[in-house]
Amino acid sequence: MNIDIHQSWKPYLEEEFKKLYFLDLLCFIKSEYRNKTCFPPENQIFNAFNYCPFEDLKVVIIGQDPYHGSGQANGLCFSVNDGLSYPPSLKNIFKEIESDIGVSYPESGNLIRWAKQGVLLLNATLTVRAHEAGSHQKKGWEVFTDSIIKMISNEKENIVFLLWGGYAKKKIKLIDGSKHKILTAGHPSPLSANRGYWFGNNNFLDANKYLKDKELGIIEW
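Residues numbered from 1 in each chain as written. Predicted model: local features only at pLDDT ≥ 70, side-chain atom pairs only at ≥ 80, totals over all residues. Heavy atoms only, no water.

K.L.:
Just to check I follow, could you spell out the pattern of salt bridges for this structure?
P.N.:
If the charged atoms of two oppositely charged side chains come close together, the side chains can form a pair. Inspection of every chain in the model, using the stated rule, returns six salt bridges. Note that Glu15 is salt-bridged to Lys18, the shortest N-O span being 3.5 Å. With Glu15 and Lys18 both in helix H1 (residues 10–18), this residue pair falls three residues apart, about one helical turn. With a relative accessible area of 55%, Glu15 lands in the exposed category. A salt bridge links Asp213 to Lys209, with the shortest nitrogen-to-oxygen separation between them at 3.2 Å. Of the two residues, Asp213 and Lys209 are both situated in helix H9 (residues 203–213); the distance of four residues between them amounts to about one turn of the helix. Under the relative-accessibility criterion, Lys209 is labelled exposed at 53%. Where salt bridges share partners, they join Glu32, Arg129 and Glu132 into one cluster. (Salt bridge = Lys/Arg side-chain N within 4 Å of Asp/Glu carboxyl O. Helix = DSSP H or I, 4+ residues; strand = E, 2+ residues; numbered from the N terminus. Buried < 20%, exposed > 50% of the residue type's maximum accessible area, 1.4 Å probe, protein only.)

In structure tokens form, the structure reads like this:
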């Protein structure tokens, strides 16, 4: 299986690619894609990096697992392909953006437009078996993505980390809060949002305020 990842990330990840756990992970993923239906498509597994070059990075959003329904996942957390209806979490994200900064619902739930502005849409697990949520967890992806979060924290400055829900908030320990902005909220899923843990978090407004204060250019959410 080829590691189809943007050149800008390779100097920072070359050593990770050589580690035994990652080689074992690649063997597992190669077998899964050969014998099962898996998402996202193999050439989109590293899309989070391919649409957001390392030097352009401004914001990191951490998800957990790719969508496991047919045709949904495109390698960017919370994002779906053009023409598909918004999953519930994405719908709540757009509702919060609308109330937070007054941007109305977009026509598409494809978040490539965010990635191209410097938003790394990183799932902790980059692949999943069709219709089997969590099926590729604890196979090595989390080790890989944790190492990326730590590397970004070490190598960059003034990155906004958006951590939504209990799982993402555990990543705080990987981030140097003296160098970066960490914003947290409940998960945008209906279960969390309907209990009052998501709406009104102002994360999108606060992220742009921080970026503007640092003269880094805001994100057009």
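K.L.:
Just to check I follow, could you spell out the nonpolar core for this structure?
P.N.:
If you look at the biggest cluster of nonpolar residues, it comprises 70 residues, and the most contacted ones within it are Trp9, Phe49, Ile61, Trp114, Phe144 and Trp221. Discounting residues that sit within four places of it in the chain, Phe49 has contacts with Ile5, His6, Trp9, Leu120, Leu122, Leu126, Phe144 and Ile148. (Core = buried A, V, L, I, M, F, W, Y, C linked by side-chain atoms within 4.5 Å. Contact = heavy atoms within 4.5 Å.)

K.L.:
Explain the layout of surface pockets here, please?
P.N.:
It is a probe the size of a water molecule, rolled over the atoms, that shows where empty space is left. Estimated volume of the largest pocket: approximately 340 Å³. Lining the largest pocket are 27 residues, with Gln64, Asp65, Phe78, Asn123 and His187 positioned closest to its centre. Only strand S2 (59–63), helix H4 (88–101) and helix H7 (165–169) provide two or more residues apiece to the lining of the largest pocket. The element contributing the most residues to the lining of the largest pocket is H7, with four residues. Looking at the lining of the largest pocket, its residues break down into 15 nonpolar, 11 polar and one charged. (1 Å grid on protein atoms, 1.4 Å probe; cavity = no way out; pocket = protein on both sides within 12 Å on 5 of 7 lines; lining within 4 Å. Points joined across faces, edges and corners; volume = space filled by probe spheres on them. Nonpolar A, V, L, I, M, F, W, Y, C, P; charged D, E, K, R; others polar.)

K.L.:
Whenever I open this one, the packing of aromatic side chains confuses me. Can you help?
P.N.:
Under the criterion given, the structure shown has 22 aromatic pairs. Ring centres 5.1 Å apart and planes at 80° place the aromatic pair Trp9 and Phe54 in the edge-to-face group. Of the two residues, Trp9 sits in the segment before H1 while Phe54 sits in the loop between helix H3 (47–50) and S2, which places them 45 residues apart along the sequence. In this structure Trp9 comes out as buried when scored by relative accessible area, which is 0%. Judged by its relative accessible area of 6%, Phe54 is buried. Ring plane angle 80° and centroid distance 6.5 Å describe the contact between Trp198 and Phe204, whose orientation is recorded as edge-to-face. In this structure Phe204 comes out as buried when scored by relative accessible area, which is 0%. By way of ring pairs, the aromatic residues Trp9, Tyr12, Phe17, Tyr21, Phe22, Phe46, Phe49, Phe54, Trp141 and Phe144 are connected into one cluster. Over the face of the ring belonging to Phe54 we find Lys156, whose NZ or CZ atom lies 4.6 Å from the ring centre. (Phe/Tyr/Trp six-rings, centres within 6.5 Å; stacked < 30°, edge-to-face > 60°. Lys NZ or Arg CZ within 6 Å of the ring centre and 35° of its normal.)

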